[in-house]
Amino acid sequence: MLAGGALVALGLVLSAPAVRAHGDVQPQPVDTTGLDALGDDWRGENPYRGNPKAIAIGDSGYNQNCARCHGLQLISGGLAPDLRYLDKGQEGDTWFQERVRHGAIINGVTKMPAFEGTLSQEALWAIRSYIESKHED
Ligand code: HEC
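Source: prediction; values computed, not measured. (Residues numbered from 1 in each chain as written. Predicted model: local features only at pLDDT ≥ 70, side-chain atom pairs only at ≥ 80, totals over all residues. Heavy atoms only, no water.)

J.: How would you summarise the overall build of the protein if you had to cite specific residues and measurements?
T.: From N to C terminus, the protein includes 5 helices and 2 strands. Counted from the first residue to the last, the protein has its helices and strands arranged as α-α-α-α-β-β-α. Relative to its full complement of 137 residues, the protein shows a buried share of 36%. In the protein, once contacts between residues fewer than 6 apart in sequence are set aside, the share between residues at least 24 apart is 68%. Accessible area for the protein stands at about 8500 Å²; split by element, carbon and sulfur atoms hold 58% of it. (Helix = DSSP H or I, 4+ residues; strand = E, 2+ residues; numbered from the N terminus. Buried < 20%, exposed > 50% of the residue type's maximum accessible area, 1.4 Å probe, protein only. Contact = heavy atoms within 4.5 Å. Areas by Shrake-Rupley, 256 points an atom, 1.4 Å probe, with all protein chains shown as cover.)

In structure tokens:
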């Protein structure tokens, strides 16, 4: 009986990190050194579109913060939308901004966390630049 109890306890210990891995994973900081600072007011449109430095920073920022749901290199496994098909230009920027700032809470369930306040505006537009650089129709 003692062994059984120990196993249950072990199971609880082992399952705790697994639960966290799917839930609230800490956002990874993104180093945006070299990009123009944008201040507090959100731009309506990506100020870094086509900027190679922003694309490189966004590539790593995406892989650290978004890929676990949206897929490595933007290739979604179906858990979340495939961002290669997000509209280009201003239209895509508007929807991107809405989702990354506020996340997606559907029927009270957080499908995607809000990133405003945890990732900077610079980091998020760099990620948008990376996504747009891989756009597919
Ligand atoms: C915990 C999983 C998760 C993480 C992490 C995540 N997302 Fe999402 N994201 C989702 C889901 C699920 C949806 C779809 C929500 C819905 O049903 O409308 C979504 C939707 C989106 C959309 C709208 C796409 C569309 O076609 O409507 C964008 C843009 C987006 N995410 C960008 C990002 C970016 C950028 C990051 C990283 C900074 C990120 N997401 C991190 C799960 C995630």
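J.: So what's going on with unusual backbone geometry? Which residues, and what values?
T.: One non-glycine residue with positive phi stands out, namely Gln-73, at about 55°. Within the secondary structure, Gln-73 sits in the loop between α3 (67–70) and α4 (89–102). A positive phi angle, close to 50°, is found at Asn-107, a residue other than glycine. Within the element layout of this structure, Asn-107 appears in the loop between β1 (104–106) and β2 (109–112).

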